[in-house]
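Below are the chains, spelled out letter by letter.
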Amino acid sequence: MDVSSWNTDQVVQWLNQNGLSMYFDDFESNKIDGTTLLSEDFTEVEQKELIPCIRDRVIFKKVLRELRNSVNHKRTSIYEDFAMNDLPE
């Protein structure tokens, strides 16, 4: 899953899978794509604008953290595999 290559439609599908479909329009109109989701610049301020309901924002933050962690874990695994392949025998 290469989240950084997701387009807005894929982000909207991800929102739907996580029970946040009521925010489709806001994410689409703001052109939130996978790169934006993963960006450190996509802060709580922006999240509050897109998701004003505190309960829903808590859910969003949790699933976003899980998504970012899964991406970071895959990157780490790839680098570890690459490093292991470069070891002299």
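In short, a report on the structure. (Residues numbered from 1 in each chain as written. Predicted model: local features only at pLDDT ≥ 70, side-chain atom pairs only at ≥ 80, totals over all residues. Heavy atoms only, no water.)

1. Focus: the pattern of salt bridges
- Within this structure, the stated rule accounts for three salt bridges.
- Where Glu44 meets Lys61, a salt bridge forms, and the shortest distance between an N and an O atom there is 3.3 Å. Linking Glu44 in helix α4 (residues 44-50) with Lys61 in helix α5 (residues 54-85), this pair joins segments that are 17 residues apart in sequence.
- The residue Lys62 makes a salt bridge to Glu66 at a minimum N-O spacing of 2.7 Å. Of this pair, Lys62 and Glu66 both sit in helix α5, separated by four residues, roughly a single helical turn.
- On the basis of relative accessible area, Lys62 is assigned to the partly exposed category, the value being 43%. (Salt bridge = Lys/Arg side-chain N within 4 Å of Asp/Glu carboxyl O. Helix = DSSP H or I, 4+ residues; strand = E, 2+ residues; numbered from the N terminus. Buried < 20%, exposed > 50% of the residue type's maximum accessible area, 1.4 Å probe, protein only.)

2. Section: a negative patch on the surface
- Judged by side-chain charge, Asp9, Asp25, Asp26 and Glu28 come together as a negatively charged surface patch.
- Sort the elements by how many residues they give to the negative patch and helix α2 (residues 24-29) lands first, with three residues.
- Tracing the chain through its elements places Asp9 in helix α1 (residues 8-17).
- Using a relative accessible area of 48% as the deciding quantity, one classes Asp9 as partly exposed. (Patch = residues over 30% accessible without salt bridge, like charges linked within 9 Å, V, L, I, M, F, W, Y side chains within 5 Å. Areas by Shrake-Rupley, 256 points an atom, 1.4 Å probe, with all protein chains shown as cover. Lys, Arg positive; Asp, Glu negative; His and termini not counted. Charge placed at Lys NZ, Arg CZ, Asp CG, Glu CD.)

3. Observations regarding α1
- Along α1, the residues classified as buried are Thr8, Val11, Val12, Trp14 and Leu15. On an axial view of α1, the arc spanned by its buried residues comes to 155°, and they lie on one face.
- A distance of 3.0 Å separates the backbone nitrogen of Asp9 from a side-chain oxygen at the start of α1, and that oxygen is part of Asn7.
- Once α1 finishes, Gly19 follows within two positions and takes phi at roughly 70°, a positive value. (Arc of directions from axis to C-beta. Polar contact = N/O pair within 3.5 Å; in protein donor to acceptor, adjacent residues only side chain to side chain.)

Everything listed here is a matter of geometry and, on its own, says nothing about what the molecule does.
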